[in-house]
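Residue strings, one per chain:
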Number of protein chains: 2
Amino acid sequence: MQPDPEDLTARARIRDAALRLFGEQGFDRATIRGIAEVAGVSSGLVRHHFGSKEALRDECDAYLARALTRLNDQVRADMATSETNYLAVAVSVFAPYRSYISRALVEGRVAPLFDTLADLSAEWLAERDENRADPPEVPLKARAAVGTAMSLAVSVLYEHVSRRLGVDVFSAEGQVLLARTLLDLYSHPWLSPEEAAALRARLPEDSGSDTAEGGA
Amino acid sequence: MQPDPEDLTARARIRDAALRLFGEQGFDRATIRGIAEVAGVSSGLVRHHFGSKEALRDECDAYLARALTRLNDQVRADMATSETNYLAVAVSVFAPYRSYISRALVEGRVAPLFDTLADLSAEWLAERDENRADPPEVPLKARAAVGTAMSLAVSVLYEHVSRRLGVDVFSAEGQVLLARTLLDLYSHPWLSPEEAAALRARLPEDSGSDTAEGGA
DNA sequence: CACTTTACTACACGCCTGTGTAGTTCGGGA
DNA sequence: TCCCGAACTACACAGGCGTGTAGTAAAGTG
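Computed from a prediction, not measured in an experiment: that's the story for all the values here.

This paragraph deals with the relation of the copies chain A and chain B. Once turned by 180 degrees and shifted 0.0 Å along the axis, chain A lies on chain B with an RMSD of 0.0 Å. Such values leave the two copies arranged in the relation of a two-fold axis. In this assembly, 99% of the residues forming the interface of chain A have copies in chain B that are likewise at the interface, indicating an isologous arrangement.

As annotated by UniProt and renumbered to match this structure, "domain: HTH tetR-type" (unreviewed entry) occupies residues 8-68 of chain A. In this annotation, residues 8-68 of chain A is assigned 79% helix and 0% strand; the end-to-end C-alpha distance for the span is 20 Å.

Let us look at the protein's contact with DNA strand D. Not every one of the 15 residues close to DNA strand D is listed here, only the nearest: T31(A), R33(A), R47(A), K53(A) and S42(B). Backbone atoms, meaning sugar and phosphate, make up 62% of the atoms of DNA strand D lying within 4 Å of the protein. A distance of 3.0 Å separates a phosphate oxygen of DNA strand D from a polar atom in the side chain of H49(B). Residue assignment for the surface near DNA strand D shows that the elements contributing at least two residues are helix 2 (32-39) of chain A together with helix 3 (43-50) of chain B.

Attention now goes to the interface of chain A and chain B. In this complex, chain A contributes 90 residues to the contact, which on the side of chain B involves 92 residues. Summed over both partners, the interface of chain A with chain B buries about 8800 Å², with 63% contributed by carbon and sulfur atoms. Remark: the boundary between chain A and chain B carries 18 salt bridges. Between R103(A) and E107(B) there is a salt bridge, and its shortest N-O distance comes to 3.4 Å. A class-by-class count of the residues in the side of chain A that touches chain B yields 44 nonpolar, 18 polar and 28 charged.

Our focus in this paragraph is the protein's contact with DNA strand C. Neighbouring residues of DNA strand C: 15 residues in total, closest S42(A), T31(B), R33(B), R47(B) and K53(B). Of all DNA strand C atoms lying within 4 Å of any protein atom, the proportion belonging to sugar or phosphate reaches 60%. I32(B) places a polar main-chain atom, nitrogen or oxygen, 3.2 Å from a phosphate oxygen of DNA strand C. Of all the secondary structure elements, the ones that give two or more residues to the surface near DNA strand C are helix 3 (43-50) of chain A together with helix 2 (32-39) of chain B. Here the residues of the surface near DNA strand C sort into 5 nonpolar, 6 polar and 4 charged.

The element helix 9 (residues 158-165) of chain A is extensively covered by neighbouring structure, given that 6 of its 8 residues are classed as buried. Among the residues of helix 9 of chain A, those classed as buried are Y158(A), H160(A), V161(A), S162(A), R164(A) and L165(A). Each element contacted by the buried residues of helix 9 of chain A is listed here: helix 6 (98-106), helix 8 (140-156) and helix 10 (172-187) of chain A together with helix 6 (98-106), helix 7 (111-130) and helix 8 (140-156) of chain B.

Note on aromatic pairs: each is described by the distance of the centres and the angle between the planes. Enumeration according to the criterion identifies 8 aromatic pairs over all chains in this entry. Measuring from ring centre to ring centre gives 4.9 Å for W190(A) and Y186(B), while their planes differ by 15 degrees; the resulting arrangement is stacked. In this pair, W190(A) sits in the loop between helix 10 and helix 11 (193-201) while Y186(B) sits in helix 10 (residues 172-187), so the two residues belong to two different chains. Both residues of the pair, W190(A) and Y186(B), count as buried. For the ring pair F22(B) and F27(B), a centre distance of 5.1 Å and an interplane angle of 55 degrees mean the geometry is tilted. Classification of F27(B) as buried rests on a relative accessible area of 12%. Three or more aromatic residues joined by ring pairs form one cluster here, namely F22(A), F27(A) and Y100(A).

Criteria and cut-off values
- Residues numbered from 1 in each chain as written.
- Chains lettered and ligands numbered in written order.
- Predicted model: local features only at pLDDT ≥ 70, side-chain atom pairs only at ≥ 80, totals over all residues.
- Heavy atoms only, no water.
- Least-squares fit on C-alpha atoms with pLDDT ≥ 70 in both.
- Contact = heavy atoms within 4.5 Å.
- UniProt positions renumbered as here; feature names shortened; annotations may be inferred.
- Helix = DSSP H or I, 4+ residues; strand = E, 2+ residues; numbered from the N terminus.
- Near = heavy atom within 4 Å.
- Polar contact = N/O pair within 3.5 Å; in protein donor to acceptor, adjacent residues only side chain to side chain.
- Buried area = accessible area lost by both parts, 1.4 Å probe.
- Salt bridge = Lys/Arg side-chain N within 4 Å of Asp/Glu carboxyl O.
- Nonpolar A, V, L, I, M, F, W, Y, C, P; charged D, E, K, R; others polar.
- Buried < 20%, exposed > 50% of the residue type's maximum accessible area, 1.4 Å probe, protein only.
- Phe/Tyr/Trp six-rings, centres within 6.5 Å; stacked < 30°, edge-to-face > 60°.

Structure below.
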């Protein structure tokens with residue numbers, strides 16, 4: 001549970017307001033005056049604490065990166081008490097920042113945040129590789145990066161997924177449907193080994209030219 | 001190959017410039033004057049043809065939706081000549097608009113575009129369901145929506161994936177690495193049936209409360 | 001106490017923006 | 001030829017923006 005907004009320092013309230021308005025309206029559309037109003041301070045104080053609008057955004061990015069690192073370390077510490085679902089915690093903690101993070105990710109920002117997730121994914125994949133029958137011919141790092149992007153897809157494209165499912169995927173009922181869907185997708189390969197081999201055979205051997213499976 | 005920009009009508013040149021600048025800089029940061037300059041016309045002509053900045057963006061959205069529908073129908077027409085790789089064509093056609101589309105998708109716009117892709121994905125999934133051992137307990141539409149989001153992930157998070165892979169994933173060599181990575185991920189389930197069953201057992205039966213796997 | 005620093009406000013400046021308006025060029029029918 | 005509408009330009013306007021500056025209140029600190 002968050003502390004009472006009245007208890008937070010003005011600086012923190014400004015940062016939270018910025019995270020919210022940057023997320024809701026985007027960086028350019030959100031105004032310093034609007035952020036100040038939400039935070040209950042004067043617009044001058046925003047400048048006093050953060051210097052400029054861009055610096056304020058940088059601080060928002062850094063804050064989220066710190067928050068994820070902190071959560072990560074914390075979970076890694078009491079790994080023994082692993083009854084708590086790390087993913088569920090992370091989702092609920094970062095839910096208020098979903099919109100901000102999505103915008104930032106698409107613009108190529110918050111790289112440390114993505115990197116932390118990708119490193120985490122790499123760890124998880126490395127464990128699984130030990131029990132894997134065929135040796136992966138693709139670097140672990142590549143699979144982790146692409147896998148992380150895919151894991152973020154539902155958050156980033158939240159509005160479209162919710163619309164197509166007919167329910168807010170982050171609401172109580174939506175989360176259950178999303179979880180079932182993810183479990184189904186994650187536990188069934190999209191391509192059979194034969195299909196994969198056939199497609200792989202059509203790829204150039206070393207560094208090639210034109211044929212590929214893309215994401216769009 | 002695109003026709004010579006000089007041959008395009010001014011209206012088309014304005015739209016192309018808008019697609020480019022909205023993609024590169026975002027809707028708010030891009031200016032009508034900047035778009036006019038790139039298109040080689042006066043800023044007034046932009047207004048003459050499109051009425052307002054928002055209407056110009058709407059036209060960009062609609063143009064891309066039409067382009068995808070056109071490509072889709074075309075491919076469906078000469079299905080017999082299926083030696084051409086639909087995905088590869090789609091990727092190369094929409095590559096110049098990747099940035100624009102990503103921004104639009106995150107903001108919840110271009111819904112028809114996402115819907116077209118999701119419908120396509122549903123068709124493809126329906127075929128696969130016929131050869132599937134266990135009956136899926138999740139609606140086809142849900143799997144198609146989430147699967148589509150995942151397929152778009154690499155495009156939307158292009159910069160992060162490229163950075164982590166150390167190579168532009170849409171360059172010649174990057175595409176090959178990306179293709180290999182996708183083939184590996186698509187042909188290996190992320191969860192074993194037992195793990196999936198265990199996680200599914202922890203979900204509430206009907207409409208539930210708090211535990212779920214989210215996208216972070 | 002005096003003094004400095006920090007937190008905070010009020011206010012004005014200048015720029016850039018989207019938009020409105022008046023006017024010009026030009027091609028194609030009657 | 002005349003004319004009319006579409007394509008297109010030049011220019012001015014008002015508003016909102018980020019930012020700069022001056023000043024006040026409060027909180028340490030010797």
